[in-house]
Amino acid sequence: MKPTAPEYFNSIPPYVPGKPLEELEREYGITDSIKLASNENPLGPSPKAMKAVEHALSNLHRYPDGAAPELMERLAAKMGCRPEEIILGNGSDEVIDMLAKVYLNEGDEALMTEPSFLMYTISALAQGAVPVKIPLREDFGHDFGAIIQAITPKTRIIFLNSPQNPGGTVITKDEFEAFLKKVDPSILIIMDEAYIEFNRDPKAVTGLDYLDCDHTVVTLRTFSKLYGLAGLRIGFGVMPLHAAQMLGRVRPPFNINIPAQLGALAALEDDDYVRETLDTVHKGLDYFFDTLKDMDVVCYPTQANFFMIDLKRDAKEVYEALLHKGVIIRPLGSYGFDNHIRVTVGKPQENERFVRAFKEIMATL
Ligand SMILES: *Cc1c(COP(=O)(O)O)cnc(C)c1O
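All values derive from a computational prediction rather than experimental measurement. Along every chain, residues carry numbers that run from 1 in the direction the sequence is written. The model is predicted, so local features are restricted to residues of pLDDT at least 70 and side-chain atom pairs to those at 80 or more, both for listing and for counting; the totals for chains, interfaces and linings are taken over all residues. Hydrogens and water are ignored here; the side-chain numbers use all heavy atoms of the structure.

Student: An account of the nonpolar core is needed here, citing residue identities and associated values.
Tutor: The definition of a nonpolar core used throughout is a set of buried Ala, Val, Leu, Ile, Met, Phe, Trp, Tyr and Cys residues joined through side-chain atoms within 4.5 Å. Partly exposed residues are those whose accessible area sits between 20% and 50% of the maximum for their type, while under 20% is buried and over 50% is exposed, using a 1.4 Å probe and protein chains only. With 63 residues, the main nonpolar core has Ile-309, Phe-354 and Phe-358 as its most contacted residues. Grouped together as the second largest cluster of nonpolar side chains are 25 residues, Ile-96, Leu-104, Ala-110 and Leu-220 included.

Pasting the structure below:
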């Protein structure tokens, strides 16, 4: 007889990542393809982070300092919280996983939107909990009325995501405060803000402003997007002390490796890179919305470094045709939207290449 995993493990769906460039080039025999599929930073990593990582190499025989004191101090100053209120993760993915481990048991319910980031589902299912999915509004905003309606005595966690992936919408301060009033403080609220630095809407809320309220609000941030360090795997959660202490008990002691700690610290100080990234993304979005406005598709307004397009036809063919032209974007079929694609803002030449290929394909298919 074989050892058995809990039965509910069979319901965990596989994570579908964006197609890697190398795989595309191998399969299609093409070169110089571009990837606008995973919301990565188009400028490459922060140069200051790269230098710091190089210096870290001579210490690779050492265990990292799991407490990462320097990084924690710097992050706390930047977030306006205490270092004890931060939990570092191997990507914010790992913080999501730790939160699920601590707060979800078999049969509990975790509310989330549909579509939403697949890691919420995976982490909840791995605890034997039930992901309860509430469709986004037609404009891809959170439907707070429906979320409140879906709360039951079994609800333990509510996942919110602002800017929302893949919709690009933000949660406003008014929406969030009206919502909080209707939620029992025993329910943990997670605000995933992986893209918040790209936001230009002054009405948007941040969970950081609710660190000291009656509710337990956890704000998730990452170095994977604005700071261009997706490959290093580092993110963090800001949360009330009682939650940070519980997560501290399950956090693997060496989960942030030495290059990641030093790279993240350096990226935080790389003001030129941050400014250039924001400038590239915002100008890129303006370019896309301007050049696509005459087409018979719907581009959804966005506050992130990506945007969604409703093609009004099945997206799979368009996705495949783009691949043949060496352009990788994300079809949203795995999110339940067969007619939609998500495009990450790239460098200007990459954006132009997407627009050219996309217009050709839409005119001929
Ligand atoms: C990219 C992304 C993250 C960040 O994940 P990391 O594990 O920090 O790389 C978190 N949430 C959402 C919705 C994302 O799109």
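Student: Give a description of unusual backbone geometry that names residues and reports values.
Tutor: The omega angle of the peptide bond from Glu-114 to Pro-115 is 5°, so this bond is cis rather than trans. Where helices and strands are cited, they refer to DSSP runs of H or I of at least four residues and of E of at least two residues respectively, numbered from the N terminus. With respect to the helices and strands, Pro-115 occurs in the loop between β3 (109-114) and α5 (118-126). Between Asn-165 and the following residue, Pro-166, the backbone shows a cis peptide bond with an omega angle of 15°. Secondary-structure assignment places Pro-166 in the loop between β5 (155-161) and α7 (173-181). We note that Phe-140 has phi near 70°; this positive angle belongs to a residue other than glycine. Mapping Phe-140 onto the fold places it in the loop between β4 (130-135) and α6 (144-150).

Student: Summarise helix α10 (residues 271-292); cite the residues concerned and give the values.
Tutor: One fewer than the residue count of a helix, multiplied by 1.5 Å, yields its expected span. If you check α10, its first and last C-alpha atoms are 32 Å apart, about what 22 residues at 1.5 Å a residue would give, namely 32 Å. Inspection of α10 places Tyr-273, Val-274, Thr-277, Thr-280, Val-281, His-282, Gly-284, Leu-285, Phe-288 and Leu-292 among the buried residues, and these make up the whole buried set. Contact criterion: two residues are considered in contact whenever any of their non-hydrogen atoms come within 4.5 Å of each other. Of the surrounding elements, those touching the buried residues of α10 are α2 (47-56), β9 (298-299), β10 (306-310), β13 (340-344) and α12 (348-364).

Student: Go over the packing of α10 against α12 with me, naming the residues and quoting the values.
Tutor: To obtain each axis, a line is fitted to C-alpha atoms, and for helices this fit is confined to the stretch in contact; angles are then taken between N-to-C directions over 0 to 180 degrees. The geometry of α10 relative to α12 is characterised by a closest axis approach of 10 Å and an angle of 20° between their N-to-C directions. Judged by the inter-axis angle, α10 sits roughly parallel to α12. Classified by chirality, the crossing of α12 by α10 is right-handed. Facing α10, whose interface residues are Gly-284, Tyr-287, Phe-288, Thr-291 and Leu-292, α12 presents Asn-351, Glu-352, Phe-354, Val-355, Phe-358 and Lys-359. Split by residue class, the contact of α10 with α12 holds 6 nonpolar, 3 polar and 2 charged. For classification purposes, angles smaller than 35 degrees are called roughly parallel, those larger than 145 roughly antiparallel, those between 65 and 115 roughly perpendicular, and all remaining angles oblique. Each helix crossing is assigned a hand: it is left-handed if the near helix lies turned anticlockwise from the far helix by less than a right angle, otherwise right-handed if that turn is clockwise. Residues were grouped as follows: Ala, Val, Leu, Ile, Met, Phe, Trp, Tyr, Cys and Pro as nonpolar; Asp, Glu, Lys and Arg as charged; and all remaining residues, including Gly, as polar.

Student: Please provide a residue-by-residue account of the sheet that holds β5, values included.
Tutor: If DSSP finds at least two bridges between two strands, the strands pair. Ordered by their spatial adjacency, 7 strands build an open sheet running β2-β8-β7-β6-β5-β3-β4, and the pairing between neighbours is mixed. Two strands lie at the open edges of the sheet, namely β2 (86-89) and β4, each paired on one side alone. Across the sheet, the mean angle separating the axes of adjacent strands is 25° when strand polarity is ignored.

Student: So what's going on with the sheet that holds β9? Residues and values would help.
Tutor: The antiparallel open sheet is built from 4 strands, whose spatial order is β9-β10-β13-β12. Here the strands that pair on one side only, and so sit at the sheet edges, are β9 and β12 (330-331). Two strands pair when backbone bridges link them, and β9 and β10 are joined in this way by 2 bridges, in the antiparallel orientation. Bridge pairing in β10 links Cys-299 to Ile-309.

Such coordinate-based values are descriptive only and should not be taken to indicate function.
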